[in-house]
Amino acid sequence: MIDEFKVLDSEEVETMLQVPILVSILIAGADNEIDNSEIKEAVSIARLKQKKARVDLIDYYKEVAVDFEDKLKVMIQHFPVKAEERNPLIIAELEKLNQILPKLSHKFSVEFYASIKDIAKKIAEASGGLLGYLAVGYEESKLIGLNMINDPSK
């Protein structure tokens with residue numbers, strides 16, 4: 001178990017471990033379609049974060065990355081296909097962080113929040129635009145800030 005999570009109950013730990021998947025699905029599916037480039041980007045980010053995340057988050061991402069692609073695909077199947085039905089469910093899950101993050105150390109919470117916002121940005125840029133780069137669609141742009149989660153640095 002991740003040391004930081006010792007103050008959390010099992011449901012809160014599960015929520016924390018699902019956040020990168022939830023963010024990936026929310027942003028990738030914002031335009032109603034989750035395409036392969038967005039799934040590949042999410043898997044790539046999960047692998048990369050094991051090595052290149054902020055030091056306090058390395059253990060977290062090592063745990064998250066285990067079977068990430070399988071968990072992502074299973075969770076995609078778990079949610080409704082249409083974004084207007086799926087997004088409110090995912091947003092409700094992410095809002096749970098507003099109760100969880102204050103229980104964790106301030107430093108961890110701030111770094112975690114910045115990290116998941118980075119994931120959202122990279123997923124949004126994974127599809128569309130010139131040769132598939134540097135374009136964020138309108139629907140994605142409304143969600144990319146993860147405004148449903150209170151910024152723990154404030």
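Parameters at a glance
- Residues numbered from 1 in each chain as written.
- Predicted model: local features only at pLDDT ≥ 70, side-chain atom pairs only at ≥ 80, totals over all residues.
- Heavy atoms only, no water.
- Helix = DSSP H or I, 4+ residues; strand = E, 2+ residues; numbered from the N terminus.
- Polar contact = N/O pair within 3.5 Å; in protein donor to acceptor, adjacent residues only side chain to side chain.
- Contact = heavy atoms within 4.5 Å.
- Expected span 1.5 Å × (residues − 1).
- Bend = angle between axes of the 7 residues up to and from the residue.
- Buried < 20%, exposed > 50% of the residue type's maximum accessible area, 1.4 Å probe, protein only.
- Core = buried A, V, L, I, M, F, W, Y, C linked by side-chain atoms within 4.5 Å.
- Salt bridge = Lys/Arg side-chain N within 4 Å of Asp/Glu carboxyl O.
- 1 Å grid on protein atoms, 1.4 Å probe; cavity = no way out; pocket = protein on both sides within 12 Å on 5 of 7 lines; lining within 4 Å.
- Points joined across faces, edges and corners; volume = space filled by probe spheres on them.

J.: Explain the side chain of S115 to me, using residue names and the numbers behind them.
T.: Of note, S115 is situated in helix 7 (residues 106-125). A polar contact is formed between the side chain of S115 and the side chain of K49, at a distance of 3.2 Å.

J.: Any chance you could break down the environment of P80 for me, citing the residues and the numbers?
T.: As for its position among the elements, P80 is in the loop between helix 4 (68-78) and helix 5 (83-95). Spatially, the C-alpha atom of P80 lies 14 Å from that of D31, the residues being 49 residues apart in sequence. In this view, P80 contacts E85, R86 and L89; residues no more than four positions away in its chain are not counted.

J.: Got a sec to walk through helix 1 (residues 10-28)? Specific residues and values, please.
T.: Here helix 1 contains 19 residues, and its C-alpha end-to-end distance of 27 Å stays within 8% of the 27 Å for a straight helix at 1.5 Å per residue. Taking the largest bend as the criterion, helix 1 deviates by roughly 45 degrees, centred on Q18, and proline P20 comes between one and four positions later. Burial analysis of helix 1 places 15 of its 19 residues in the buried class, which makes it a mostly covered element. Two to three positions downstream of the cap, the backbone nitrogen of E11 sits 3.1 Å from a side-chain oxygen, assigning the N-cap of helix 1 to D9.

J.: Can you lay out the nonpolar core for me, pointing to particular residues and giving the numbers?
T.: Grouped together as the largest cluster of nonpolar side chains are 50 residues, with contacts concentrated most on F5, M16, L94 and F112. Put simply, the parts of the chain that give this core at least two residues each are helix 1, helix 2 (36-52), helix 3 (58-65), helix 4, helix 5, helix 6 (97-100) and helix 7. Here this core takes eleven residues from helix 1, the largest share from any one element. Once residues lying within four places of it in the same chain are set aside, the contact partners of M16 are F5, L8, Y60, L97, I100, L101, L104, F108 and F112.

J.: Summarise the side chain of N98; cite the residues concerned and give the values.
T.: Along the polypeptide, N98 turns up in helix 6. Within polar-contact distance, the side chain of N98 engages the backbone oxygen of M148 at 2.9 Å. Each residue touching N98, except ones within four places of it in the same chain, is listed here: M148, I149 and N150.

J.: Tell me about the pattern of salt bridges, and please be specific about residues and values.
T.: Inspection of every chain in the model, using the stated rule, returns seven salt bridges. A salt bridge links K103 to E12; the shortest N-O distance between them is 2.4 Å. Here K103 is found in the loop between helix 6 and helix 7, whereas its partner E12 is found in helix 1, with 91 residues between them in sequence. We classify K103 as partly exposed; its relative accessible area is 43%. For E12, a relative accessible area of 12% corresponds to the buried category. Close ionic contact of E93 with K96 constitutes a salt bridge, the shortest N to O distance being 3.0 Å. The partly exposed category is assigned to E93, whose relative accessible area is 23%.

J.: Before we move on, can you summarise empty space enclosed by the protein with the specific residues and values?
T.: Tallied over the entire structure, the rule returns one cavity of 30 Å³ or more. If you add up the space inside the largest cavity, you get close to 30 Å³. Along its surface, the largest cavity is lined by P20, S24, A42, I45, A46, Y61, V64, F68 and I119. Among the secondary structure elements, those contributing two or more residues to the lining of the largest cavity are helix 1, helix 2 and helix 3. In terms of residue count, helix 2 provides more of the lining of the largest cavity than any other element does, three residues in total.

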